[in-house]
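Chain and residue survey
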Amino acid sequence: MGRVVVSGGPDDAGLDVAAAVDRILSLAEHLAERSGGQTRLLPVTKALPLAAVEAVRLAGLSEVGENYAQELLAKAAAVEEATGEAGADSLDWHFIGRLQRNKVRRLAGVVALWQTIDRSELLDEVARRDPGARVLVQVDAVGLPGRGGCPVGEVEDLVAHGVELGLDVRGLMTVGAPGDEDATGRVFRTVAGLADQLSLPEVSMGMTDDLGIAVDCGSTLVRVGRALFGERPVP
Ligand SMILES: *Cc1c(COP(=O)(O)O)cnc(C)c1O
């Protein structure tokens, strides 16, 4: 595995790469133990310097999550330039942010898993630009305004539509109820139950503040930023 060269060395933008590698390794191990090997770790590097992505690679993980199209593309290009490894040979980039239809074309071929598909026009556009792509349907089982995700009642139709379009619908993704552990537990159990009913193997749920609940509710993929890299810089 080639090393990503980061300008400014290990303290680039205040990010201690060696410490981040340690935290990635120990959380990955803790998750594997606590879940009996069911839950894996997706480090989330949004708003962080390229050094965070380097830490993921040095820890030997192959998946990384980003929220913003522009930032994902810039980091993927930088990793490719530093290592000579393009696309899937380098890292599996997961898109986990709100997805705009007009960003799909540029992200196609770089994104390995589209986690935030929540309406049929996005399924149509991903199928058109990235045929056969791996996708998750994002569910909003909390019902707070301004958040991504389709209502629980639409999940089955969206999954069926994705399959019809030839997409590889791997599973469901959701976000818990901020600051409410009981509601978060209910949401995670609902979404895990839906994935089970639909025979979908992947359930992406849990972040820094609720990853323990997520593991106990059957998450297969926790998306973690702050627990690994510290607080994100304020833009
Ligand atoms: C930022 C983000 C995460 C990571 O959040 P942390 O609290 O830093 O662990 C996970 N999932 C989504 C959808 C995010 O936007």
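What this report covers is the structure whose coordinates are included nearby. Just so it is clear, the structure is predicted and the values come from calculations on it, not from any experiment. (Residues numbered from 1 in each chain as written. Predicted model: local features only at pLDDT ≥ 70, side-chain atom pairs only at ≥ 80, totals over all residues. Heavy atoms only, no water.)

1. Quick word on the pattern of salt bridges
- Throughout the structure, instances matching the rule amount to 14 salt bridges.
- The residue E63 makes a salt bridge to R40 at a minimum N-O spacing of 2.8 Å. Taken together, the residues span a long stretch of sequence, with E63 in strand 2 (residues 63-66) and R40 in strand 1 (residues 40-43) at a distance of 23 residues.
- Owing to a relative accessible area of 30%, R40 belongs among the partly exposed residues under this scheme.
- For E66, the salt bridge is made with K75, and the minimal N-O distance between the two is 2.7 Å.
- Relative accessible area serves as the criterion here: at 0%, E66 is assigned to the buried category.
- K75 gets classed as buried once you look at its relative accessible area, which sits at 7%. (Salt bridge = Lys/Arg side-chain N within 4 Å of Asp/Glu carboxyl O. Helix = DSSP H or I, 4+ residues; strand = E, 2+ residues; numbered from the N terminus. Buried < 20%, exposed > 50% of the residue type's maximum accessible area, 1.4 Å probe, protein only.)

2. Some words on the site of the ligand
- Surveying the vicinity of the ligand reveals the residues K46, N67, I96, M173, M207, T208, R223, V224, G225, R226 and R232.
- Here an oxygen atom of the ligand sits 2.8 Å away from a polar atom, N or O, in the side chain of K46.
- T208 is positioned such that a nitrogen or oxygen atom in its side chain is 2.5 Å from an oxygen atom of the ligand.
- Relative to its unbound accessible area of 390 Å², the ligand is 91% covered by the protein chains. (Near = heavy atom within 4 Å. Polar contact = N/O pair within 3.5 Å; in protein donor to acceptor, adjacent residues only side chain to side chain. Areas by Shrake-Rupley, 256 points an atom, 1.4 Å probe, with all protein chains shown as cover.)

3. Looking at unusual backbone geometry
- Look at A47: it is not a glycine, yet its phi comes out positive at around 65 degrees.
- Within the secondary structure layout, A47 lies in the loop between strand 1 and helix 2 (50-58).
- Backbone geometry at S199 places phi at a positive 55 degrees, although glycine is not the residue there.
- Positionally, S199 belongs in the loop between helix 7 (181-197) and strand 7 (202-204).

4. A look at the side chain of D210
- Inspection of the secondary structure puts D210 in the loop between strand 7 and helix 8 (211-216).
- One buried charged residue, D210, forms no salt bridge at all, with the nearest opposite charge on R223 at 6.7 Å. (Lys, Arg positive; Asp, Glu negative; His and termini not counted.)

5. Re the layout of surface pockets
- A volume near 610 Å³ is recorded for the largest pocket.
- Looking at the largest pocket, it is lined by 31 residues, and the ones nearest its centre are R147, V175, G176, M207 and R223.
- Contributions of two or more residues to the lining of the largest pocket are made by strand 5 (134-139) and helix 7.
- Counted by class, the lining of the largest pocket contains 9 nonpolar, 11 polar and 11 charged residues. (1 Å grid on protein atoms, 1.4 Å probe; cavity = no way out; pocket = protein on both sides within 12 Å on 5 of 7 lines; lining within 4 Å. Points joined across faces, edges and corners; volume = space filled by probe spheres on them. Nonpolar A, V, L, I, M, F, W, Y, C, P; charged D, E, K, R; others polar.)

6. What to know about the packing of helix 5 (residues 120-129) against helix 6 (residues 155-164)
- Running from amino to carboxyl end, helix 5 crosses helix 6 at an angle of 15 degrees, the nearest separation of the two axes being 10 Å. As summarised for this structure, helix 5 and helix 6 are arranged roughly parallel, according to the angle between their axes. Along this stretch, helix 5 crosses helix 6, giving a crossing that reads as right-handed. Contacts from S120, L123 and D124 in helix 5 reach L158, H161 and G162 in helix 6. (Axes fitted to C-alpha atoms, helices over the stretch in contact; angles between N-to-C directions. Parallel < 35°, antiparallel > 145°, perpendicular 65-115°, else oblique. Left-handed = near helix turned anticlockwise from the far one by under 90°. Contact = heavy atoms within 4.5 Å.)

Everything listed is a geometric property; what it means functionally is a separate question.
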